[in-house]
Amino acid sequence: MRKNSCCPRLSSGEFVPFPTLAVIGPARGNFQLEAACLSSSPLPSATCLHFPVSGAAPKASLLLEPPWSPTFKGETVSLTCEDPLSPGQGNTYWYHDMGLWINKPGKIEIKKSGCYKCKTHRSSDSEPVCVEFLSDWLVLQAKHPVFEGDNVTLRCQGEKDEKIIERSYYKNGEELGGTHNSDTIIVYSVSRDSSSRYHCTASWRSVFVWTETSRTLKIPFQELFPRPVLRASPSQPTDGSPVTLTCETQLPPQRSDVQLRFCFFREGRALGSGCSSSPELQIPAMWSEDARSYWCQAQTVTLKVIKKSLRSHIRVQSEIPVSDVNLEIQPRAGKLIEEENLVLICSVAKGTGTVTFSWHREGTRSLGRKAQRSLSAELQVLSVKMHDAGRYYCSADNMHGPILSQWVSVTLAVPVSRPVLTLRASGAQALVGDMVELHCEAQTGSPLSPILYRFYHDDVTLGSSSAPSGGGASFNLSLTAEHSGNYSCEADNGVGAQCSDRMIFSVTVLASRPVLTLRAPGAQALVGDMVELHCEAQTGSPPILYQFYHDDVTLGSSSAPSGGGMYFNLFLTAEHSGNYSCEADNGLGAQRSEVVPLNVTGGWWSKIILTKGVIGGLLSILGLAAATAWVSRFRAQRNSGRLSATGTLSYGHSASQGHSLARPSSSHCRELPCSESALMELQPVYSNVDPGHGDLIYSQVWSIQHTKGNPENSPRMHQEDKEPSVIYSELKKRHPDDCAGQASNKGRAHEDAAENYENVLCASSALEH
């Protein structure tokens, strides 16, 4: 190792060589460079450069601002030095034309032409950057930085650029097509071997038109990455040992996004599967005949830049006897299950040439033998049985004598059989509150291995218990309603878990006290309504039998096979008033609901009044159509004296149809004009009505208030103020065969009608039509 610690004092404009450290011969580790300088020196008294000898320290990067060169004299250019390992830390050493110029932080300003470079404590020298300050009227500038393979921007810049009226660009003396009067042009894929030279011309107008030509420019560029270096680890492998080849190079920080691919070659023949993005190649075993010449290649993905390393000869040491023989068993720890495959792997730490491997089990001869050029070999024993358990060893020999491994024990484990789950309840039926025992047992398993049993309810773990092989485990459960579902258990002796079949278990729950609800179509229950009785027990195991009661008399019953409630429909009569209840029974005891009272109101009279809107709607169409005819007939009857002043029953009939009892009018309720009704004094008026079906005929009875005095002066009675009361009388309907005889026997018709009346109330809405 040689050290130069010369550090003379610096003065303005003085260039002093930087102290150097030379490493002679192979070495590893970090090294310290000490500069013993005078106190007035700007250099520190001790500077440490840390980098592995196997690879150079990363380069510093030197940047220009503005990033154009050359430039006009008198302008200022800023230089920035960037360290990829510790940016912005410590002083920077600046060089001008290869001599140490100044030591100051990482940014300086220059106005002097020359080539500059920089470095920091933890970096190597940057690539030199040459800056020219020209006194010309016109310069051709290249944008900095430029790396090989880049597209470069050139611009033709005048000192009075605003007056330029025309520009032209030339390459090697010939004008470039398509660049006329362009502010900038792009030169594609600058290569290291390019010898092209460029210049430009520009014209501007003053008094006359002047044309200037720039100086010739050879585009400056920097290396995208240095030539790669091939390294082998270990550098001198032994025969049969693995080797790692590494292709080392480095991209600059400004181009860290460039993707490189690496290829490895032996005597011109590609290794591996071709080029890849990994700078390493693993060779599983290197033999003496593989001692050849190796080299690597680094290239960009676009193949614009390709660089090859120098050739390196790798030597392989041979004639090394085997050592450190080892036997490995798979599965590890030597625990196997019957019918599994046993793999015996015999390996050596060192050894060259062909190695003969053999395997043995205690008490038997060789199980197998293999000779191959490798440091390991394996033997497979298929479908092991109980007699394959025991101790094993292997031996290795490469003509220097066999070397034996240590003994390795192999044991066989028997997996548990599928367990059986049984549920033991105190009675034939499992009820809430009962204690149930779950018992899980596997019949077979390894004799010395305990078995862990786990119990599950709908795949949720209830608990676990361990038992020796050949016995089972139990789990006690106090039943609730939620314990119905699927039960299973699992047995595991460390070799493999086995699950039992699923068992469905139902917990019988007593039906809760049911709730009875009555649903009527209106706010009040009326005769003729249909009432729905709904009985439901909120809890209880199905099926549930529901029974409905009216004053403790059974109305009916129905079963709910899947749970839930049941309905019972009831058409109301006057006798249905009273107390209602229901009962739910699922075989564990009947539960009676609370009593619900029901009051049924009205008969046919109130029913008709409540439904007057419906009847009126149905009769409105017929009533309007017949109103005029009826009034005319009513007047004719009055004028002929058919309506007696004493209110005698009188039947109105049509001349063409005969007696009205034989074929009654289809109009139910007709309105009398107010002017004529005012002339009558409490005179009942009867009119037959036939509903058109059934066995009944209804007679319509009108009770009309007579106003004494002059009818014109009397106030008119309006239906809005007071409605006439209407009474229907029920008549027997004659057989159709009797219709012919009705016309000739009116007296008999009157007599029949008089004997068959039953008063019912007419809907007042019919009068409104």
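Our subject is the structure that appears above.
Residues numbered from 1 in each chain as written. Predicted model: local features only at pLDDT ≥ 70, side-chain atom pairs only at ≥ 80, totals over all residues. Heavy atoms only, no water.

Chemist: Describe the overall build of the protein, naming the residues involved and giving the relevant values.
Modeler: Assigned secondary structure in the protein consists of five helices and 58 strands. Put simply, the protein has 769 residues, and 39% of those count as buried. Taking as baseline every contact in the protein between residues at least 6 positions apart, the subset at least 24 positions apart corresponds to 62%. Working note: accessible area of the protein is about 42,000 Å², and carbon and sulfur atoms make up 51% of it. (Helix = DSSP H or I, 4+ residues; strand = E, 2+ residues; numbered from the N terminus. Buried < 20%, exposed > 50% of the residue type's maximum accessible area, 1.4 Å probe, protein only. Contact = heavy atoms within 4.5 Å. Areas by Shrake-Rupley, 256 points an atom, 1.4 Å probe, with all protein chains shown as cover.)

Chemist: Please set out the pattern of salt bridges residue by residue, giving values where relevant.
Modeler: One pass over the structure, following the stated rule, counts 20 salt bridges. Notably, a salt bridge pairs Arg255 with Asp150, separated by 2.8 Å at the nearest N-O pair. Residue Arg255 is found in the loop between strand 23 (241–248) and strand 24 (260–266), and its partner Asp150 is found in the loop between strand 15 (138–143) and strand 16 (152–158); the two are separated by 105 residues along the sequence. Accessibility expressed as a relative area gives 14% for Asp150, which makes it buried. A single network of salt bridges, built from pairs that share partners, joins Glu148, Glu223 and Lys307. (Salt bridge = Lys/Arg side-chain N within 4 Å of Asp/Glu carboxyl O.)

Chemist: Any details on the state of the cysteines? Residues and values, ideally.
Modeler: Tallying each qualifying case throughout the model produces eight disulfides. Each sulfur in the disulfide pair Cys81 and Cys118 lies 2.1 Å from the other. Handedness of the Cys81-Cys118 disulfide follows from its S-S torsion of about 85°: it is right-handed. In this pair, Cys81 sits in strand 8 (residues 77–82) while Cys118 sits in strand 12 (residues 114–119), placing the two residues 37 residues apart along the sequence. The pair Cys81 / Cys118 is uniform in exposure class, with both members buried. Two residues, Cys535 and Cys582, share a disulfide whose sulfurs are 2.0 Å apart. Here the S-S torsion is close to 70°, and the disulfide linking Cys535 with Cys582 is therefore right-handed. (Disulfide = S-S within 2.5 Å.)

Chemist: Can you explain the environment of Phe265? Please cite residues and give values.
Modeler: Structurally, the position occupied by Phe265 is in strand 24. Once the C-alpha coordinates of Phe265 and Cys296 are considered, the two residues, 31 residues apart in sequence, prove to be 6.0 Å apart. With near-sequence residues (within four places) excluded, Phe265 lies in contact with Ala270, Leu271, Ser293, Tyr294, Trp295 and Gln297.

Chemist: Let's hear about the sheet that holds strand 39 (residues 420–424): which residues, and what values?
Modeler: An order of 39-40-43 is seen for the three strands of this open sheet, with the pairing classed as antiparallel. Here the strands that pair on one side only, and so sit at the sheet edges, are strand 39 and strand 43 (473–478). In this sheet, adjacent strand axes meet at a mean angle of 20° when their direction is disregarded. When strand 40 (residues 435–441) meets strand 43, the two strands line up antiparallel, connected through six bridges. What sits directly across from Leu438, in strand 43, is Phe475. (Pairing = 2+ DSSP bridges. Axes fitted to C-alpha atoms, helices over the stretch in contact; angles between N-to-C directions.)

Chemist: Can you break down the side chain of Ser488 residue by residue, with the values?
Modeler: Note on placement: Ser488 falls in strand 44 (residues 485–492). Those residues in contact with Ser488 that lie beyond four places of it in its chain are Leu421, Arg454, Phe455, Tyr456, Ser500, Asp501 and Arg502.

Chemist: Explain the environment of Leu555 to me, and be specific about the residues and the numbers.
Modeler: Here Leu555 lies in strand 50 (residues 553–560). In this structure the C-alpha to C-alpha distance between Leu555 and Tyr580, which are 25 residues apart in sequence, comes to 9.6 Å. If we ignore the near neighbours within four places in the chain, the residues touching Leu555 are Leu533, Phe548, Tyr549, His550, Phe568 and Tyr580.

Chemist: Could you give an account of the pairing of strand 34 (residues 366–372), naming the residues involved and the relevant values?
Modeler: If a strand is regular, its side chains alternate between the two faces of the sheet. In this structure, strand 33 (residues 355–361) lies alongside strand 34, joined through six bridges in antiparallel fashion. Along strand 34, the bridge assignment pairs His360 with Ser366. A loop of four residues connects strand 33 with strand 34, the two strands running antiparallel in sequence, and Gly363 in this loop sits at a positive phi of about 90°.

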